[in-house]
Every structure is written in C-alpha cells, then in structure tokens.
Amino acid sequence: MSKTDWYILQKELEVLDLWFNSLGLSFNVEKCQSISFSRNRNIINYKYLMNCSSINIVTRKKNLGILFCPNLEFLYHIKTVCYRAIKMLGFVIRTSLEFKLCNSLKALYCFLVWSLLEFSSILWNTFTATDYSHVERVQRRFCLSATFILKIFHPSPLQTSDE
C-alpha cells in the first residue's frame, strides 16, 4: 500500500464520517479497528483517523469465526480451533466412559468435535505439514480414546506377532 492509497482511504473515511454526521449519527471510533494484510515481512501500518480520533491497529481479527493475521497465514487460527476441539474431545471422553456402542461415540465425536474442525475449513485448509499435524493430533487422540472406551484390543507398535 502506497502513501497515495493511504491518503485516498483516509479521505474516504472523512467523507463517510461527514455523511454520518449529516444524518445525525456518529461512529464509535473505539469499536473501529484497522488491520493491514501483506505477505511482506515489514508491514506498514498507517494511522487512520475518524472524528479526530485514531482508529486502533490490531494484529489479529476474528471475522465470522475465522482468525485473520496480517501475514495471511492461518496457523494461529488452526491452533485455536484444535485447542477448542481437544477441550471438547475431553468432554466427550469424560461423558462417554460407560458407552458400549461405537455409533453413539462416533456421533458425539462428529457432532461436537469434528464440526469444530470442519467449520470454514475451505478457507484455512491445512497447506503445510505443521498445520496438518495439529488436526491429526485431535483425530489420533479420539481413536486412542475410542479403543479404550470400547475396550478394543490395540496392540502397541513394539509388540510383535511372535508374542
């Protein structure tokens, strides 16, 4: 973004502010936020003004459940979603310790845990192995817990067929 772009946007904000004032309305500048998106390492954050007050500059912004970062990467969002999914998985495991049917356990997992991981995944699809490993960790934890809850024999990788 160049200085001229910043200047044009600042003028547009001033016109918008004047229009609101002509209608007898005003912006709550404390609720307004600014974020700049760029793949460059050095992001230039320009200060914008409305009503002679500075608009807050933020480094992360949540919009429709997606966490956006200035570098356009979703690692922080993926970590946050996986953390929420692991917490929900803990709830599912605690409440289903007496379950005997695989379908009921699977239904709880799909509705309460997997839905968290799937929400808007088309936007933040796991592009890197690191991102993918965070999602895989939740799935592996469910599989291990399901084998314990349903009392399914699961040989460890160290055991051989001779034993």
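Residues numbered from 1 in each chain as written. Predicted model: local features only at pLDDT ≥ 70, side-chain atom pairs only at ≥ 80, totals over all residues. Heavy atoms only, no water.

## Regarding the environment of Arg140
Phase 1: Positionally, Arg140 belongs in helix H4 (residues 129-149).
Phase 2: In the structure, Arg140 is positioned 39 residues away from Leu101 in sequence and 19 Å away in space, judged by C-alpha atoms. (Helix = DSSP H or I, 4+ residues; strand = E, 2+ residues; numbered from the N terminus.)

## As for the side chain of Ser36
Phase 1: Note on placement: Ser36 falls in the loop between strand S1 (33-34) and strand S2 (49-50).
Phase 2: Those residues in contact with Ser36 that lie beyond four places of it in its chain are Ile43, Ile44, Asn45 and Pro70. (Contact = heavy atoms within 4.5 Å.)

## Brief notes about the packing of aromatic side chains
Phase 1: Throughout the structure, instances matching the rule amount to seven aromatic pairs.
Phase 2: Ring geometry for Tyr109 versus Phe142: centroids 3.9 Å apart, planes at 15°, classification stacked. Of this pair, Tyr109 sits in helix H3 (residues 102-118) while Phe142 sits in helix H4, placing them 33 residues apart in sequence.
Phase 3: Using a relative accessible area of 8% as the deciding quantity, one classes Tyr109 as buried.
Phase 4: A connected cluster of aromatic rings, assembled from ring pairs, spans Trp19, Phe20 and Phe27.
Phase 5: Above the face of the Trp6 ring, Lys3 is positioned so that its terminal group lies 5.9 Å from the ring centre.
Phase 6: Over the aromatic face of Tyr76 sits the side chain of Arg60, whose NZ or CZ is 3.7 Å from the ring centroid. (Phe/Tyr/Trp six-rings, centres within 6.5 Å; stacked < 30°, edge-to-face > 60°. Buried < 20%, exposed > 50% of the residue type's maximum accessible area, 1.4 Å probe, protein only. Lys NZ or Arg CZ within 6 Å of the ring centre and 35° of its normal.)

## Description of helix H2 (residues 75-95)
Phase 1: An ideal rise of 1.5 Å per residue puts 30 Å on 21 residues; H2 measures up with 30 Å between its terminal C-alpha atoms.
Phase 2: Residues of H2 that are buried in the fold lie against strand S6 (66-68), H3 and H4. (Expected span 1.5 Å × (residues − 1).)

## Quick notes on the nonpolar core
Phase 1: Formed by 20 residues in total, the largest nonpolar core has its most connected members in Leu105, Val113, Leu117 and Val138.
Phase 2: Beyond its immediate sequence surroundings of up to four residues, Leu105 is in contact with Val92, Ser96, Phe99, Phe142, Ala146, Ile149 and Leu150.
Phase 3: Core analysis: the second largest hydrophobic core is formed by seven residues, Val29, Cys32, Tyr48 and Ile55 among them. (Core = buried A, V, L, I, M, F, W, Y, C linked by side-chain atoms within 4.5 Å.)

## As for the packing of H3 against H4
Phase 1: Orientation of H3 relative to H4, taken along the N-to-C sense of each, is 165°, at an axis distance of 12 Å. Between H3 and H4, the crossing angle belongs to the class labelled roughly antiparallel. When the axes of H3 and H4 are compared, the crossing they make is right-handed. Here Leu105, Lys106, Tyr109, Val113, Trp114 and Leu117 of H3 lie close against H4, whose contacting residues are Val135, Val138, Gln139, Phe142, Ala146 and Ile149.
Phase 2: Here the contact of H3 with H4 is built from residues that sort into 10 nonpolar, one polar and one charged. (Axes fitted to C-alpha atoms, helices over the stretch in contact; angles between N-to-C directions. Parallel < 35°, antiparallel > 145°, perpendicular 65-115°, else oblique. Left-handed = near helix turned anticlockwise from the far one by under 90°. Nonpolar A, V, L, I, M, F, W, Y, C, P; charged D, E, K, R; others polar.)

## Here we look at the confidence of the model for the protein chain
Phase 1: Scored by pLDDT, the protein chain comes out at a mean of 83, with 91% of its residues at no less than 70.
Phase 2: When mean pLDDT is compared element by element in the protein chain, H2 scores highest at 89, while S6 scores lowest at 82. (pLDDT = per-residue confidence, 0-100.)

## Looking at the side chain of Asp17
Phase 1: Considering the arrangement of structural elements, one finds Asp17 in helix H1 (residues 3-22).
Phase 2: Buried charge without a salt bridge: Asp17, with Lys11 as the nearest opposite-charge side chain at an N-O distance of 12 Å.
Phase 3: Setting aside anything within four residues of it in sequence, one finds Asp17 in contact with Phe27, Met50 and Asn51. (Lys, Arg positive; Asp, Glu negative; His and termini not counted. Salt bridge = Lys/Arg side-chain N within 4 Å of Asp/Glu carboxyl O.)

## Things to note about the packing of H2 against H4
Phase 1: The contact between H2 and H4 brings their axes to 9 Å, and the two run at 5°. By the angle class used here, H2 and H4 are roughly parallel. Here Leu75, Ile78, Lys79, Cys82, Ala85, Ile86, Leu89 and Ile93 of H2 lie close against H4, whose contacting residues are Thr130, Asp131, His134, Val135, Arg137, Val138, Arg141, Phe142, Ser145 and Ile149.

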